[in-house]
Amino acid sequence: MFPGPLGLSLAGKALNSGVWSLKTLDIRDFARDKHRSVDDTPFGGGAGMVMRPDVVDAALAAVDDRPGPRLYLSPRGRRFDQARAKALAAEPGAVIVCGRYEGLDERVIAARNLEEVSLGDFVLSGGEPAALAMMDAVIRLLPGVMGAVDGLAEESFEEGLLEYPLYTQPRDWNGMTVPEVLTSGHHANVKAWRRREAETITRERRPDLWARYLEDKERAERR
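Everything numeric in this text was worked out from a predicted model, so none of it was measured.

*Asks:* I would appreciate a short explanation of the environment of Gln82 in the present structure.
*Replies:* Looking at where Gln82 falls in the secondary structure, it is placed in helix α3 (residues 82-89). Once the C-alpha coordinates of Gln82 and Ala137 are considered, the two residues, 55 residues apart in sequence, prove to be 7.7 Å apart.

*Asks:* What am I meant to see in the packing of aromatic side chains here?
*Replies:* Both the distance between ring centres and the angle between the ring planes are used here to describe each pair of aromatic rings. Under the defined criterion, the tally for this structure stands at 1 aromatic pair. Arg203 extends its terminal NZ or CZ atom over the ring of Trp210, reaching a point 5.4 Å from the ring centre.

*Asks:* In this structure, what is going on with helix α6 (residues 187-205)? I would like to understand it.
*Replies:* An α-helical turn contains 3.6 residues, so a residue and the one three or four places further along point in the same direction. Taking 1.5 Å per residue as the helical rise, α6 with its 19 residues ought to reach 27 Å, and the 27 Å between its terminal C-alpha atoms agrees with that figure. Taken as a whole, α6 has its buried residues at Val190, Trp193, Ala198, Glu199, Ile201 and Thr202. Here the buried face of α6 lies against α7 (207-222).

*Asks:* Just checking my understanding: could you explain the sheet that holds strand β5 (residues 115-118) for this structure?
*Replies:* Strands pair in a sheet through their backbones, by hydrogen bonds, and they do so in one of two ways: parallel or antiparallel. Reading across the sheet, the 3 strands line up as β4-β3-β5 and stay open at both edges, with parallel pairing between neighbours. Bordering the open sheet on either side are β4 (95-98) and β5, each of which pairs with just one other strand. Taking the axes of each pair of neighbouring strands and ignoring which way they run, one obtains an average angle of 55 degrees across the sheet. Lying on the sheet, helix α5 (residues 128-139) is in contact with β3 (70-79), β4 and β5; it crosses β4 at an angle near 150 degrees.

Calculation rules
Residues numbered from 1 in each chain as written. Predicted model: local features only at pLDDT ≥ 70, side-chain atom pairs only at ≥ 80, totals over all residues. Heavy atoms only, no water. Helix = DSSP H or I, 4+ residues; strand = E, 2+ residues; numbered from the N terminus. Phe/Tyr/Trp six-rings, centres within 6.5 Å; stacked < 30°, edge-to-face > 60°. Lys NZ or Arg CZ within 6 Å of the ring centre and 35° of its normal. Expected span 1.5 Å × (residues − 1). Buried < 20%, exposed > 50% of the residue type's maximum accessible area, 1.4 Å probe, protein only. Contact = heavy atoms within 4.5 Å. Pairing = 2+ DSSP bridges. Axes fitted to C-alpha atoms, helices over the stretch in contact; angles between N-to-C directions.

Here it is in structure tokens:
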């Protein structure tokens, strides 16, 4: 599964040029039986299988020399967001554990101080797709990956808001025209329009972000 889509486009070019690197480790290589078993039935009963702590711990021990936090993709983890992506982009690296089955034995999570991270309120068949998405969010923030870094400052979530509507040529398409302010050449008016639109979209689509944005704005005004 790796590098998968990260081996293509801008991330792929950055991988080939050495801006970032990737090492994958097959947990089955650390199994202790001829069947290369990494899981067993859960104590207390229940459906599914649980990844063994001894096998996962051995795999993590093999990358003890790797810098950065130890992350475990889990639906019960803290929600991954743009702020966390920025923080990870500033790290010298990271080790990501992609769970399978019902998840990891709780003891190895505690013993290895794994930080549980969730991509959202849904369940995947494994942590690999979530890891790819999370890595993409981080890699694109690394210096030398994106061409125009100025555009990063106006993306969704950068100032607590969703991004404003975007338009390009042709000006008139299927009877729908581009807002006049965007063709006026008046940069201050364009900036103000984009801020109003971003605020409206955030208020309508993400009330949680809007409430946080208002709190942050009020806190800044009191300083």
